[in-house]
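# Structural overview
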Amino acid sequence: MSYQPLQVEGELLSNKRVGAYHLITIVVPGIPERIRPGNFVALSVGGESTSTLLRRSFSVYQAQERGLYGGTLELVIAAHGPGTRWLAALAPHQMLNVVGPLGRPFPIPKDPVHALLVGGGYGSAPLFMLADALRQRGCRVDMALGAASADRLFGALEARRVTNALSIATDDGSLGVQGRVTDAARSILERSSIDVIYACGPMPMLAALSTLGAEFDVMVQCAVEESMACGIGICMTCVLPVRGSDGVVRMSRSCVDGPIFAGDRVLWDSVGTVPEETLGAPKASGH
Amino acid sequence: MTSIRVVPKGGRGVPVEVNLDTQLGALSLPSPILTASGCAASGKELSQFVDLTTIGAVVTKSIMMSPRSGRATPRMAETPSGMLNSIGLQGPGVDEFLEHDVPWLASKGVRTIVSIAGNDVEEFGRLAARVRRAGDSVIALEVNISCPNVANRGLVFACQAHSAAEVISTVRRNVGGAFPIFAKLSPDVTDIVEIAQACVDAGATGLSLINTLLGMVINTETLTPALAGVTGGLSGPAIRPVAVRAVWQVHAALPKIPLIGMGGILTGEDAFQFILAGASAIAIGTANFHDPSALTRVQNELSLILAERGFSSLQDAIGFAHRKA
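What you are looking at is a predicted structure, and each value in this text was computed from that prediction instead of being measured.

Let us look at the overall build of chain B. A count of helical and extended segments in chain B gives nine helices and 18 strands. In terms of overall size, chain B behaves like a compact globule, its C-alpha atoms giving a radius of gyration of 19 Å where 325 residues would be expected to give roughly 20 Å. Along the first, second and third principal axes, the C-alpha set of chain B runs to 55 × 50 × 40 Å. For chain B, the residues scored as buried account for 59% of the 325 residues in total.

As structure tokens, this is what we get:
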């Protein structure tokens, strides 16, 4: 059960550069106490007379119910388009319209299991709140973080605080071992008895982890990154092919049906297409 | 009657009653604000932000006879003051829609206008007959003869007067004489008045103006079209002047025919333009993605600007810009 989302006018408290990313803190009354690990928020960008109308969605890195200035949210921004560049350039006191919490949160086991959390790039952002929640349940939390290079790896220091064991992999070897985070995940699976994997990052990483999960018979909970226009379930743009509990493949909205999907339910090889077996897939004549 | 008490800017705190009642043929609505089909799903998601009983009606996403997956992703590209979409009429099919979506809207007391889309004339007829029997909460049909996201451009019925008329007369035959039906038209035609006239002659109660414009974006990194469907429908404030023009032209030619105006309405002032051009109701589409409370906000802003311009009733403002000085 998730909380009903609110739409709140927030105020930027701080904007800090963290490696290749920006960490922004927004004072946004009402939303932080409703956030659960894996939830995301959707921000409007560009200010009052904006020509970029679509909301930008970000998973929540930290949510503080009470702070000096009231409840705050911390989000990690990678400036790669006009909206995220605008956000990355914001100065304190800028007002920001925030909608959240959105999406289904990570399912958290009742029992004190051994969990492996895997993050790629700034996809690691929601894993820290998750690690806290799991440890409060008595879970053992291992984490593997990976990125192209050290500056693109988010949260390595924080990860040491919230985990029992941390592995780091970078493509260029600038931090941790040189290689893929999925290789790091494999060696953890080989030497420990992992009960569940939680993952957030690029689609190919999630696909590879889902295969790994199947090989080791471990459930993989994946937070997907699909481009969204609204974040609330009405635009139908953020879909991907997912097999339901009834066995039927549907084009599911990652905003409201996800963003967390069980890795064995997503047709990873078919993301970006409509597989033939999808309910209502086009006939030869197409749509 | 729904009256909203508003205090106009500089009005020295004197509340003004603005009557937002509107009339679409025989259909009376307490507000001219509707959702634009395809931009509100079936209402449930937006109900978290807006009391949908306070707006005129929810116009549901176009429904077809069978479930439909829609197109592959990417389905969306942001454009200056707008967006391009290529959803491809994803939907659960009419059976599930009538079993779940319409009853939910009815249970909440939301006035519902159902948008239907057929692959052929016969499917439009069958859909109209099915939806007509759905119950009293469905107060009208919108006939989507102008979705640009179909593989065969020849299937955009609204591009030709005779095919538009054929669909509308079939729908009319299937719903009976009095039930309100609105034909949703495409601006991608040479003479929209000719298409509008043909639809009215075929039995349309009124017209919904406009659907998206066919557009295209090319991704300069991948060097390929940005949308999986190659082309898509352009919406948002970028198309507003085109939409206002369409409403203006059709109202000038057919002043007695009720029009639902839409296309890039983001504020009450935008909505007011459509009313002045001749729309009796307006629909909010892309703005819902930007601001999920847009329906309520636009309704309040429209009341305010009507009051500021000296209108105590929405009805008095409809088509006002056509008056000779």
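With that settled, the discussion passes to the interface of chain B and chain A. In this complex, chain B contributes 37 residues to the contact, which on the side of chain A involves 32 residues. Elements supplying a minimum of two residues to the side of chain B that touches chain A: β7 (76-79), β8 (82-85) and α7 (287-290) of chain B. Of the residues forming the side of chain B that touches chain A, the biggest block, three residues, is contributed by α7(B). Class assignment for the residues of the side of chain B that touches chain A results in 17 nonpolar, 15 polar and five charged.

Attention now goes to the UniProt feature "domain: FAD-binding FR-type" (unreviewed entry) in chain A. Within this numbering scheme, the UniProt entry marks residues 5-108 of chain A as carrying the feature "domain: FAD-binding FR-type" (unreviewed entry). For the annotated span residues 5-108 of chain A, helix accounts for 7% and strand for 45% of the residues, and the straight-line distance between the end C-alpha atoms is 20 Å.

Let's shift gears to helix α3 (residues 161-175) of chain B. All names here are of chain B. For α3, built from 15 residues, the straight-helix expectation of 21 Å at 1.5 Å per residue is met to within 8% by its first-to-last C-alpha distance of 21 Å. Among all positions in α3, only A164, A165, V167, I168, T170, V171, R172 and V175 are buried. Packed against the buried residues of α3 are α2 (121-132), β10 (138-144), β11 (181-185) and α4 (192-201). G176 occupies a position one or two residues after α3 and carries a positive phi of about 90°.

This part covers the sheet that holds strand β5 (residues 33-35) of chain B. Residues and elements named next belong to chain B. If you trace the eight strands from one edge of the open sheet to the other, you get β5-β18-β17-β12-β11-β10-β9-β6, paired in parallel fashion. Strand pairing shows two members of the sheet lacking a second neighbour, β5 and β6 (58-59), which therefore form its edges. Pairing of β6 with strand β9 (residues 112-116) involves two bridges; the strand directions are parallel. Note that in β9 the partner of V59 across the bridge is I113.

Residues and elements named next belong to chain B. C199 and I282 are the most contacted members of the largest nonpolar core, which totals 204 residues. With eight residues, helix α8 (residues 294-308) is the largest single contributor of residues to this core. Leave out the neighbours within four places in its chain, and I282 touches P32, I33, L34, I260, G261, M262, I265, A271, F274 and I275.

Remark: a regular strand shows side chains that alternate across the two faces of the sheet. All names here are of chain A. Here strand β3 (residues 40-43) shows no split at all, with F40 and A42 on one side and V41 and L43 on the other all buried. Taken together, the three bridges between β3 and strand β6 (residues 95-102) define a ladder with antiparallel strand orientation. In the strand pairing of β6, F40 is matched with L102.

As assigned here, chain A comprises domain 1 (6-102), domain 2 (114-223) and domain 3 (227-257 + 265-287). Centre-to-centre separation of domain 2 of chain A and domain 3 of chain A, based on C-alpha positions: 26 Å.

A word on the sheet that holds strand β13 (residues 213-215) of chain B. Residue and element names in this part refer to chain B. A sheet is described by the order of its strands in space; here four strands give the open sequence β7-β8-β16-β13, paired in antiparallel fashion. Every interior strand has two partners, whereas the edge strands, β7 and β13, have only one. Direction aside, neighbouring strands of the sheet carry axes that sit 35° apart on average. As judged from the three bridges shared by β8 and strand β16 (residues 232-235), these two strands associate in the antiparallel manner. Note on β16: the bridge partner recorded for L84 is L234.

Before going further, it helps to spend a moment on helix α5 (residues 203-216) of chain A. Residues and elements named next belong to chain A. Over its 14 residues, α5 extends 20 Å from the first C-alpha to the last, a length consistent with the 20 Å expected when each residue adds 1.5 Å. Of the positions making up α5, those classed as buried are M205, L206, A208, L209, S210, L212 and G213. The secondary structure elements touched by the buried residues of α5 are β7 (114-120), α4 (181-191), β11 (196-200) and β12 (219-223). D217 occupies a position one or two residues after α5 and carries a positive phi of about 55°.

Right, let's get into the environment of B:I305. Residues and elements named next belong to chain B. Inspection of the secondary structure assignment puts I305 in helix α8. Accessibility expressed as a C-beta count within 10 Å gives 23 for I305, which makes it buried. Considered as a pair, I305 and G268 are 37 residues apart in the sequence and their alpha carbons are 7.1 Å apart. If we skip the residues at most four places from it in the chain, I305 touches G268, E269 and F272.

What follows concerns unusual backbone geometry. Here A:G100 and A:P101 are connected by a cis peptide whose omega angle stands at 0°. Of note, A:P101 is situated in strand β6. The backbone phi angle of B:A41 is positive, close to 45°, even though this residue is not glycine. Note that B:A41 resides in the loop between β5 and β6.

The predicted model of chain B has a mean per-residue pLDDT of 93, with 93% of residues at 70 or higher. At the level of chain-chain contacts, confidence expressed as ipTM amounts to 0.94, with global pTM at 0.94.

Here the focus is the environment of B:P225. Residues and elements named next belong to chain B. When you line up the elements, P225 lands in strand β15 (residues 224-225). P225 sits 151 residues away from P74 along the chain, and the two C-alpha atoms are 9.8 Å apart. If near-sequence neighbours (up to four positions away) are discounted, P225 is found in contact with M216, I218 and V230.

Residues and elements named next belong to chain B. Running from N to C, α2 and α3 point in directions that differ by 30°, and their axes come no closer than 8 Å. Judged on the interaxial angle alone, α3 and α2 are roughly parallel. Two packed elements cross with a definite hand, and for α2 against α3 that hand is right-handed. Contacts from V121, F124, G125, A128, A129 and R132 of α2 reach α3 at E166, V167, T170, V171, R173, N174 and V175. Here the contact of α2 with α3 is composed, by residue class, of seven nonpolar, three polar and three charged.

All names here are of chain B. With burial as the criterion, each face of β7 is covered, one bearing M76 and E78 and the other bearing A77 and T79. By the bridge criterion, four bridges tie β7 to β8 in an arrangement that is antiparallel. Bridging across to β8, T79 finds its partner in G82. The turn joining β7 and β8, which pair antiparallel and follow one another in sequence, is formed by two residues; a positive phi near 50° is taken by S81.

What follows is about the environment of B:T286. Tracing the backbone through its elements, the reader meets B:T286 in the loop between β18 (281-284) and α7. Judged by the 31 C-beta atoms lying within 10 Å of it, B:T286 is buried. Excluding anything up to four places from it in sequence, B:T286 contacts A:L53, B:C39, B:G82, B:M83, B:S235, B:G236 and B:G264.

Conventions and cut-offs
- Residues numbered from 1 in each chain as written.
- Chains lettered and ligands numbered in written order.
- Predicted model: local features only at pLDDT ≥ 70, side-chain atom pairs only at ≥ 80, totals over all residues.
- Helix = DSSP H or I, 4+ residues; strand = E, 2+ residues; numbered from the N terminus.
- Rg over C-alpha atoms; globule rule 2.2 N^0.38 Å.
- Buried ≥ 20, exposed ≤ 12 C-beta atoms within 10 Å, placed from the backbone.
- Contact = placed C-beta atoms within 7 Å.
- Nonpolar A, V, L, I, M, F, W, Y, C, P; charged D, E, K, R; others polar.
- UniProt positions renumbered as here; feature names shortened; annotations may be inferred.
- Expected span 1.5 Å × (residues − 1).
- Pairing = 2+ DSSP bridges.
- Core = buried A, V, L, I, M, F, W, Y, C linked by C-beta atoms within 7 Å.
- Domains from an automatic or database assignment.
- Axes fitted to C-alpha atoms, helices over the stretch in contact; angles between N-to-C directions.
- pLDDT = per-residue confidence, 0-100.
- Parallel < 35°, antiparallel > 145°, perpendicular 65-115°, else oblique.
- Left-handed = near helix turned anticlockwise from the far one by under 90°.

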